[in-house]
There are 2 protein chains.
Amino acid sequence: MRVKNIVAAGLVAAGTVGAVGVAWAFDHLYSPIAPPKAIDLGKVELGKKLYFDPRLSKSGFISCNSCHNLSMGGTDNIKTSIGDKWQQGPINSPTVLNSSLNLAQFWDGRAADLKEQAGGPIANPGEMAFTHTLALGVLESIPAYVREFKLVFKKDKIDIDQVTEAIAEFEKTLVTPNSRFDQWLLGKKTALTQDELAGYKLFNESGCVACHNGPNLGGNSFQKMGIVEPYKGNEGVAGRAGVTGKDADRFSYKVPTLRNVELTYPYFHDGAANTLAEAVDVMGRLQLGKKFTADENGKIVAFLKTLTGDQPTFTLPILPPSADNTPRPTPFN
Amino acid sequence: MRVKNIVAAGLVAAGTVGAVGVAWAFDHLYSPIAPPKAIDLGKVELGKKLYFDPRLSKSGFISCNSCHNLSMGGTDNIKTSIGDKWQQGPINSPTVLNSSLNLAQFWDGRAADLKEQAGGPIANPGEMAFTHTLALGVLESIPAYVREFKLVFKKDKIDIDQVTEAIAEFEKTLVTPNSRFDQWLLGKKTALTQDELAGYKLFNESGCVACHNGPNLGGNSFQKMGIVEPYKGNEGVAGRAGVTGKDADRFSYKVPTLRNVELTYPYFHDGAANTLAEAVDVMGRLQLGKKFTADENGKIVAFLKTLTGDQPTFTLPILPPSADNTPRPTPFN
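What counts and what doesn't
- Residues numbered from 1 in each chain as written.
- Chains lettered and ligands numbered in written order.
- Predicted model: local features only at pLDDT ≥ 70, side-chain atom pairs only at ≥ 80, totals over all residues.
- Helix = DSSP H or I, 4+ residues; strand = E, 2+ residues; numbered from the N terminus.
- Rg over C-alpha atoms; globule rule 2.2 N^0.38 Å.
- Contact = placed C-beta atoms within 7 Å.
- Nonpolar A, V, L, I, M, F, W, Y, C, P; charged D, E, K, R; others polar.
- Least-squares fit on C-alpha atoms with pLDDT ≥ 70 in both.
- Domains from an automatic or database assignment.
- pLDDT = per-residue confidence, 0-100.
- Axes fitted to C-alpha atoms, helices over the stretch in contact; angles between N-to-C directions.
- Left-handed = near helix turned anticlockwise from the far one by under 90°.
- Core = buried A, V, L, I, M, F, W, Y, C linked by C-beta atoms within 7 Å.
- Buried ≥ 20, exposed ≤ 12 C-beta atoms within 10 Å, placed from the backbone.
- Parallel < 35°, antiparallel > 145°, perpendicular 65-115°, else oblique.
- Arc of directions from axis to C-beta.
- Expected span 1.5 Å × (residues − 1).

## Concerning the overall build of chain A
Step number 1: Each helix and strand in chain A was counted, giving 12 helices and two strands.
Step number 2: Across chain A, helices and strands are ordered from the amino to the carboxyl terminus as α-α-α-α-α-α-α-α-α-β-α-β-α-α.
Step number 3: Relative to the 2.2 N^0.38 estimate, which gives 20 Å for 333 residues, the radius of gyration of chain A is 21 Å and therefore close to what a compact globule would have.
Step number 4: Over its C-alpha atoms, taken along the principal directions, chain A stretches across nearly 70 × 40 × 30 Å.

## Observations regarding the interface of chain B and chain A
Step number 1: Taken together, the contact between chain B and chain A spans 35 residues of the former and 35 residues of the latter.
Step number 2: Residue composition of the side of chain B that touches chain A, grouped by class: 19 nonpolar, 11 polar and five charged.

## Things to note about the relation of the copies chain B and chain A
Step number 1: Mapping chain B onto chain A is achieved by rotating through 180° and translating by 0.0 Å along the same axis, at an RMSD of 0.0 Å. Interpreted geometrically, this transformation is the action of a two-fold axis. In terms of proximity to the rotation axis, the leading residue of chain B is Thr315(B), whose C-alpha is 2.1 Å off the axis.
Step number 2: A share of 100% of interface residues in chain B that are also interface residues in chain A marks the association as one of identical surfaces.

## So, the domain arrangement of chain A
All names here are of chain A.
Step number 1: According to the domain assignment, chain A consists of domain 1 (2–30 + 178–307) and domain 2 (41–172).
Step number 2: If you average the C-alpha positions of domain 1 and of domain 2, the two centres end up 29 Å apart.
Step number 3: Tallying the contact residues gives 24 residues for domain 1 and 21 residues for domain 2.
Step number 4: Where the side of domain 1 that touches domain 2 is concerned, the elements lending two or more residues are helix H10 (241–244) and strand E2 (252–254).
Step number 5: Partitioning the side of domain 1 that touches domain 2 into residue classes produces 10 nonpolar, 10 polar and four charged.

## A few points about unusual backbone geometry
Residues and elements named next belong to chain A.
Step number 1: Cis rather than trans, the peptide bond between Tyr265 and Pro266 has omega equal to -10°.
Step number 2: Along the chain, Pro266 turns up in the loop between E2 and helix H11 (276–288).
Step number 3: Backbone geometry at Trp86 places phi at a positive 65°, although glycine is not the residue there.
Step number 4: Within the secondary structure, Trp86 sits in the loop between helix H3 (64–67) and helix H4 (114–123).
Step number 5: Positioned with a positive phi, Phe106 is a non-glycine residue whose angle comes to about 75°.
Step number 6: In this fold, Phe106 is placed in the loop between H3 and H4.

## Quick word on the confidence of the model for chain A
Low pLDDT means the predicted atomic positions in that stretch should not be read closely.
All names here are of chain A.
Step number 1: Confidence along chain A averages 93 in pLDDT terms, with 92% of residues attaining 70 or more.
Step number 2: Low pLDDT, under 50, characterises residues 8–22; the stretch is placed with 10 contacts to residues that sit more than four places away or in other chains.
Step number 3: With pTM at 0.94, the complex prediction returns an ipTM value of 0.94.

## A look at the packing of H11(A) against helix H12 (residues 294–304) of chain A
Residue and element names in this part refer to chain A.
Step number 1: With their axes 9 Å apart at the nearest point, H11 and H12 run at an angle of 115° to one another. At the point where H11 passes H12, the crossing takes the right-handed sense. Each of Leu276, Ala277, Val280 and Asp281 in H11 lies in contact with H12, whose residues at this interface are Asn297, Ile300, Val301 and Leu304.
Step number 2: Residue composition of the contact of H11 with H12, grouped by class: six nonpolar, one polar and one charged.

## A short note on the nonpolar core
Step number 1: In terms of nonpolar packing, the biggest core is built from 33 residues, with Leu50(A), Ala166(A) and Ile167(A) touching the most fellow members.
Step number 2: Counting only elements with at least two residues in this core, the list comes to helix H2 (41–52), H4, helix H5 (132–140), helix H6 (143–153) and helix H7 (160–172) of chain A.
Step number 3: If we skip the residues at most four places from it in the chain, Ala166(A) touches Lys43(A), Leu46(A), Gly47(A), Leu50(A) and Val152(A).
Step number 4: Judged by nonpolar contacts, the second largest core, of 32 residues, contains Cys64(B), Phe130(B), Leu139(B) and Phe149(B).

## A word on the environment of Lys157(A)
Residues and elements named next belong to chain A.
Step number 1: By secondary structure assignment, the location of Lys157 is in the loop between H6 and H7.
Step number 2: Lys157 sits in the exposed class, given 11 other C-beta atoms within 10 Å.
Step number 3: Considered as a pair, Lys157 and Ala123 are 34 residues apart in the sequence and their alpha carbons are 20 Å apart.

## Side note on the environment of Gln183(A)
Step number 1: In this structure, Gln183(A) sits in helix H8 (residues 180–185).
Step number 2: Not counting residues up to four positions away in its chain, the partners in contact with Gln183(A) are Asn178(A), Lys188(A) and Ala191(A).

## Quick word on the packing of H2(A) against H6(A)
Residues and elements named next belong to chain A.
Step number 1: With their axes 9 Å apart at the nearest point, H2 and H6 run at an angle of 155° to one another. The pairing of H2 with H6 is recorded here as roughly antiparallel in orientation. For the pair H2 and H6, the crossing hand works out as left-handed. Contacts from Gly42, Lys43 and Leu46 of H2 reach H6 at Glu148, Phe149, Leu151 and Val152.
Step number 2: Classifying every residue of the contact of H2 with H6 by side-chain character gives four nonpolar, one polar and two charged.

## Re H4(A)
Residues and elements named next belong to chain A.
Step number 1: Looking only at H4, the buried set comprises Leu114, Gln117, Ala118, Pro121 and Ile122. In an axial view of H4, the angular spread of the buried residues amounts to 140°, which keeps them on one side of the axis.
Step number 2: Its buried side turned inward, H4 meets H5 and H7.

## Examining the environment of Asn92(B)
All names here are of chain B.
Step number 1: Here Asn92 lies in the loop between strand E2 (87–88) and helix H4 (114–123).
Step number 2: By C-beta crowding, Asn92 is classed as buried, having 27 other C-beta atoms within 10 Å.
Step number 3: Sequence spacing of Asn92 and Ala273 is 181 residues, and the spatial spacing of their C-alpha atoms is 11 Å.
Step number 4: Non-local contacts of Asn92, meaning those with residues more than four positions away in its chain, are made with Lys79, Thr80, Pro266, Phe268, His269, Asp270 and Gly271.

## Things to note about helix H9 (residues 194–205) of chain A
Residue and element names in this part refer to chain A.
Step number 1: Between its first and last C-alpha, H9 extends 16 Å over 12 residues, near the 16 Å set by a 1.5 Å rise per residue.
Step number 2: What H9 keeps buried is the set Glu196, Gly199, Tyr200, Leu202, Phe203 and Asn204.
Step number 3: Looking one or two residues past H9, Gly207 carries a phi angle of roughly 110°, positive in sign.

This is how it looks when you write it as structure tokens:
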């Protein structure tokens, strides 16, 4: 089983390298968040505007930033999101922060990458409730957008590919380097307190690391929610099986990143856990068959809070105004 | 009558000063937008966070910036706003830009100043649908807010006065200097084109200036909507009479600022005019008894577009995370 193998590998490594004085044998299973490379700045600036532009929704009220709010850890901090006409979403909004590091997008991984993801909510009747055609009609009517798309993509006409590519390029910049954990990984051994280090040790040796590893401490595999004990919030959502059609993938979800987890409450695909303490407790029992003591739980939570990195900072974009012929939003019909 | 008096004064002045070579005799009725003075930066930074914080709403989804969006001219660009549970607001969201220059706040002037205004939407059941007590409970539970309020206000407890004062202080910074019209007023005589100057002349000599004067080109008086002809969008809203109780104030509203009017569509208290051309036409006929030709209308609109100033630019604020005991938003009940 994958969990046990990874933990065993860690323990073996601990035994091996312990001999040469390295205390933290699991470190190689993680890596610090790095600044993005090969970014196209023109696309980033255009994508930033689109990310904040509610005119990509039917109502003119909902933008990408509504549910993936960059003031709030790239989430909405609501159990499940609010869509067009205040519809209740079926699932918790995952954070956009560091999402470029995930193996796929959405909880069920139905989008291969950020570009594919970006088109989804615009046309989802329960979210932005627009269509790609209508969104393009809005953008094509706004002279400053037409010029900027032309400058960036060198094409005569705006298409949905350009829209999603620009948004995805902006999202690639939404990484959060320099967390205290990353400072620690990079050699600043005073970056973590004794309690946080104890939490890190527990996190590794209890098996959390089995799924929450890599640069994003997650986001790189699909796993069943409820391995040892069934999870009660699985009803009504197919999980990964909705994509693969395989019964074995029922109740499987993309493992969420733990980066900035202090900011991305509430937790799980259904947003059922309000606090980190609750999430750690449920994960321990359902995934690892382990009931953490209050002291252990507190130490793991302390470690998790060291994963908050520098939040992306940028100037709030100013959107180009609609023209007289721009189709107006229709929030109430 | 006030309109005629001001226009007459302008014409007299034109006759008088024309003799000494000053072509634009109405200039003294305007003044450029100036940077704010005596600003408390601690309050501004705190107020900026509060302005963007949807946790001041019941749903956790609506912030001041939702309807007074600083990416979009300080408005939502929707006919009437969307409130809690997607309720349709009764009136168009006025821009927050340069609102510190208005004689009072809201269309009916029911709040004396920005501080008094800021408390309104939080507790309005049709808008943010929260209560001041609940909002304070949320803020008091967030350690970083508690520290910042203490640093700024030197008091032991957060109260609603501090909240609204900080938001108002931030809003005082939301001025838009350096429009082309202001550059022109300040002596750059190439700042406006011939058509724009022709529009300015029409704006003055037709009487628009009677209500739209001062630094904000409006915002400094209440006037009846529909002086010469009745306005059809007056039903169902009391206007200024709702505040004064005087029948003479029925259908009176605070004259909206024309600053950044290119960005603040749709127009009027009911958002019924989608374009500037439409708004100028209606104003001419209903307020001045004048039907502008297409050419005149186009020139006035060209002038109005010179009123777009430098938009406030600042870094998107990062909000402090909720604590385990912070009351969670309740968008769906």
